[in-house]
Structure formats: C-alpha cells, structure tokens
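Observations on chain architecture
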Amino acid sequence: MKKTLAFAVVTASFVLSSLPVCAVPLGRSNEGMNYLFKDPVLSRITAGAYAGEVNREITFNNSSNENEMNATRVTGYLGISLLEWLNVYGIAGQNKAEIPGMGEADGEAIYGGGISINLLNHFLREPVPMEDAFRLNLGVQVLNTEAQFDSGILDWSEYSGALTISIINHTTGNKYYSPESIALYFGPAFSIIRSDDIEGKNPGGVVGGLEIFFTDSFAVDLRVEFFEQASASAGVNLHF
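Let us look at the structure shown here. (Residues numbered from 1 in each chain as written. Predicted model: local features only at pLDDT ≥ 70, side-chain atom pairs only at ≥ 80, totals over all residues. Heavy atoms only, no water.)

As a further point, take the overall build of the protein. On a plain count of helices and strands, the protein comes out with one helix and 12 strands. When each of the 240 residues of the protein is scored for burial, the buried share is 29%. Sequence separation of 24 or more characterises 53% of the internal contacts of the protein that already satisfy a separation of 6 or more. (Helix = DSSP H or I, 4+ residues; strand = E, 2+ residues; numbered from the N terminus. Buried < 20%, exposed > 50% of the residue type's maximum accessible area, 1.4 Å probe, protein only. Contact = heavy atoms within 4.5 Å.)

The next point concerns a nonpolar patch on the surface. Residues Ile115, Leu119, Leu120, Leu138, Val140, Tyr159, Leu163 and Phe190 make up a contiguous nonpolar surface patch of roughly 620 Å² in combined accessible area. Of all elements in the fold, only β5 (108-123), β6 (133-149) and β7 (152-170) reach the threshold of two or more residues within the nonpolar patch. Considering each element in turn, the nonpolar patch owes the most residues, three residues, to β5. Among the structural elements, isoleucine 115 can be located in strand β5. (Patch = residues over 30% accessible without salt bridge, like charges linked within 9 Å, V, L, I, M, F, W, Y side chains within 5 Å. Areas by Shrake-Rupley, 256 points an atom, 1.4 Å probe, with all protein chains shown as cover. Salt bridge = Lys/Arg side-chain N within 4 Å of Asp/Glu carboxyl O.)

One can find arginine 56 in strand β1 (residues 45-60). Ignoring anything within four residues of it in the chain, the contact list for arginine 56 reads Asn67, Glu68, Met69, Ser191, Ile193, Gly200, Asn202, Phe227, Glu228 and Gln229.

By the definition in use, this model includes two aromatic pairs. Between phenylalanine 214 and phenylalanine 218 the ring centres are 5.8 Å apart and the planes differ by 35°, which places this aromatic pair in the tilted class. Residue classification places phenylalanine 214 among the partly exposed positions, given a relative accessible area of 34%. What makes phenylalanine 218 partly exposed here is its relative accessible area of 29%. Taking the ring centre of phenylalanine 213 as reference, the NZ or CZ of arginine 135 above it sits at 5.9 Å. (Phe/Tyr/Trp six-rings, centres within 6.5 Å; stacked < 30°, edge-to-face > 60°. Lys NZ or Arg CZ within 6 Å of the ring centre and 35° of its normal.)

Remember that the coordinates give geometry; whether it matters functionally is a separate question.
Now the structure itself:
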C-alpha cells in the first residue's frame, strides 16, 4: 500500500510539473474548526439535476401551420423549504431545440423557477399487501429559453404544473442493499408554451413516473409526460 501511494504521489508530481502554472494554492484544511461556517444547518436546502427530451406540437402565431418541436434539455435546480411542506426553487440549464423545416438550433440557456407543495401523506391501515401510504403533491413552474435557428431567433416561456398522487411502498430488509421507499406517481398536468412567435397546441396532459428513495434525503426520479406526444426525463433529488 505504501509503495502504491508513493508511486501515485510521484506520478502526480510529474504530471503537475509538466502543466502550465495557472492555479492558485487553495490552502484547504481538513479540520472542521478551521472554517468560517462550522456545520451550518442545511436541512432546508434542496438540489438536483434532470436530463431528458421534450416533444411538443406547436403552432406559429398568425398562422394555422402546425409543427413539432423536439428539444434535449439538461437542468439543475437549487431550492429552499420555506415551510416543511413548501419548497421554492430556481432552475438553470441548457436547452437544444429542433423544428422540422427550420433545422437544429444551438444549445441555449434555460432558466426559471417553481414551487412544490406536499399536500397530503396518508398511511394505509392493514390489510394492504404492498402499498403502505399514498401522497398528494402539487407543483408549478415557469421556464424561459430561446433557440437560434438559421431563419431567426425564437424565444418562449413555458408555464407548467401537475397534481400527482403517489402510491408508496416502504421496503423491508437491509437498507444498505435496498432503497427505503419506492413511489409510483401519476396525475393530470398542464403545459403552456407562449411567445410572440409560437404557442403550444394542447396545454392539457398527464404525467407519471417512478421515484426511488434510497435514503430520506436522496432519490432518483424517472418521469414521463404526455402532451400530444410523450416526453421523458430522469433526475436526482437531494434534500440536505
């Protein structure tokens, strides 16, 4: 082990010595007492990241022409729980849109914010073979982005929301090898696309997915939305 560590140190020193000097010594400490903020309470902070594809039918304003808009999207969010059941968050990321006949646009920034509300958690009494509880959640958000096509720039806003019911199964067994809970959720949703140039064809739709809680503070979300066409995304959620 000591020989391996010494070899790693020598190799790292050789590699670093061959690089241009462009870094500033950080002077980090491994002692918690040497930091300005010592173990602050972060239990109200939430964060996460999502990646997926969005497919929507759109119409151009002042025209009856219909078209499809497909976009690949990567976003991250940072939120704070104002109350135990109320979370507000900001979103930022990149959106790359494509419209048949207009080509594929370069990736552009997407940003916005939203609110999520935990409405109801109800434990199911026995006898229930699998499900342990059901939950009711509400969320709304707004996103703003644009796309640079050869024919010009399109910019738009997306207003969306969903009311979902989740069926919860709290797993048994060793938590080192299995998640704590698995939630299957579904419900009605809306998504409104508005701008001076385009708008979404149908704002009403449905949403469904699977959320796996590996711990109380870490979950993986697999999500599908349907507004004329299906869209899918996957993400991770952290609650500090």
